[in-house]
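Each chain, letter by letter, is given below.
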Amino acid sequence: MRVNEIFYSLQGEGRHVGTPAIFIRFSGCNQHCSFCDTEHEHGEELTEEDILERIKDFPARHMVITGGEPTLQLTSSLVDKLHSAGKFVQIETNGSVALPEGCAVDWITCSPKGLPVMLHRIDELKVVYRGQDMSQYDKFEAKEYYLQPCDVKDEAKNECYTTETINYIKSNPKWKLSLQTQKILKVR
Ligand code: SF4
């Protein structure tokens, strides 16, 4: 498995915001979003055992498997090993690759990025808002719906997206606001 980084922080976005979490960021993605703010290409080859060894001293139960696009490399056996270690496994995915057979992740956060979504279950739909037509998300069933203003590295545009996001949520109250609190707080 090619892993970009493993680190310990707080979940910054969505349903589990503020939860202490161990992050595994897999390298590589099958999308090239213009607004991508993650350096995910580099990485080192690690076995599942290596990953277990790297996380063993972090006290949190919550794991976030992210990327890049983590489903390109995720295995059921890694998830099983994390469960055996007592972990709760959240995955953050663009949804374009089906999870491996029998992959029993505990929480699926899906942020569709234009490709068809191949998931059978979505716990949390997290849409990054940048002025797109929101009706394309009507077809998705999820436990929770989060709308997050896109950070386009332009203060005026970001303010505009934030205002539009809030207005959309007020008119469509099944959605809730997600903010990238890790950027606001300047933590990882
Ligand atoms: S899907 Fe996510 S990680 Fe991949 S390029 Fe788009 S924003 Fe970046």
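You'll find the structure just up there.
Conventions and cut-offs
- Residues numbered from 1 in each chain as written.
- Predicted model: local features only at pLDDT ≥ 70, side-chain atom pairs only at ≥ 80, totals over all residues.
- Helix = DSSP H or I, 4+ residues; strand = E, 2+ residues; numbered from the N terminus.
- Rg over C-alpha atoms; globule rule 2.2 N^0.38 Å.
- Buried ≥ 20, exposed ≤ 12 C-beta atoms within 10 Å, placed from the backbone.
- Near = placed C-beta within 6 Å.
- Nonpolar A, V, L, I, M, F, W, Y, C, P; charged D, E, K, R; others polar.
- Core = buried A, V, L, I, M, F, W, Y, C linked by C-beta atoms within 7 Å.
- Contact = placed C-beta atoms within 7 Å.
- Pairing = 2+ DSSP bridges.
- Axes fitted to C-alpha atoms, helices over the stretch in contact; angles between N-to-C directions.
- Parallel < 35°, antiparallel > 145°, perpendicular 65-115°, else oblique.
- Left-handed = near helix turned anticlockwise from the far one by under 90°.
- Right-handed = clockwise from strand over helix to strand, strands pointing away.

1. Some remarks on the overall build of the chain
When its secondary structure is counted, the chain shows four helices and nine strands. Reading the chain from its N end, one meets helices and strands in the order β-β-β-α-β-α-β-β-β-β-α-β-α. For the chain, whose C-alpha radius of gyration is 16 Å, the value lies close to the compact-globule estimate of 16 Å for 188 residues. Expressed along its principal axes, the backbone C-alpha trace of the chain runs to roughly 45 × 35 × 25 Å. By residue count, 32% of the 188 residues in the chain fall in the buried class.

2. Overview of the site of the ligand
Every residue lining the ligand is accounted for by Cys29, Gln31, His32, Cys33, Cys36, Thr38, His40, Gly67, Gly68, Glu69, Asn94 and Lys113. Residues of the shell around the ligand, tallied by class, amount to three nonpolar, seven polar and two charged.

3. Some details on the nonpolar core
Of all hydrophobic cores here, the largest spans 32 residues; its most connected members are Ile24, Met63, Ile65, Val89, Val105 and Ile108. Broken down by secondary-structure element, the contributors of at least two residues to this core are strand E2 (20-26), strand E4 (62-66), helix H2 (76-84), strand E5 (88-93), strand E6 (107-110), strand E7 (124-129) and strand E8 (144-149). Here this core gets five residues from one element, more than from any other, and that element is E2. Ignoring sequence-local partners within four residues, the contact set of Ile108 consists of Ile91, Thr93, Leu119, Arg121, Ile122 and Asp123.

4. Observations regarding the sheet that holds strand E9 (residues 175-177)
In spatial order, the strands read E3-E1-E2-E4-E5-E6-E7-E8-E9; together these nine strands make up an open sheet with mixed pairing. Every other strand in the sheet has two partners, leaving strand E3 (44-45) and E9 as the edge strands with one partner each. Alignment of E2 against E4, held across five bridges, turns out to be parallel. Its bridge partner being in E4, Phe23 is matched across the sheet by Val64. Helix H1 (residues 48-55) rests against strand E1 (2-10) and E2 of the sheet, and its axis sits at about 25 degrees to E1.

5. Observations regarding the packing of H1 against H2
Each packed pair of helices is defined by two parameters, the angle between the axes and the distance between the axes. The N-to-C vectors of H1 and H2 enclose an angle of 30 degrees; their axes lie 10 Å apart at closest approach. The angle between H1 and H2 falls in the class roughly parallel. H2 is crossed by H1, and the crossing has right-handed handedness. Residues Glu48, Ile51 and Leu52 of H1 pack against Ser77, Leu78 and Lys81 of H2. Of the residues belonging to the contact of H1 with H2, the class tally is three nonpolar, one polar and two charged.

6. Side note on the pairing of E4
Of all five residues in E4, four are buried; the element is thus mostly enclosed. The pairing of E4 with E5 spans four bridges and is classified as parallel. The partner of Ile65 across the bridge, within E5, is Ile91. What joins E4 to E5 is H2, and the crossover it makes is right-handed.

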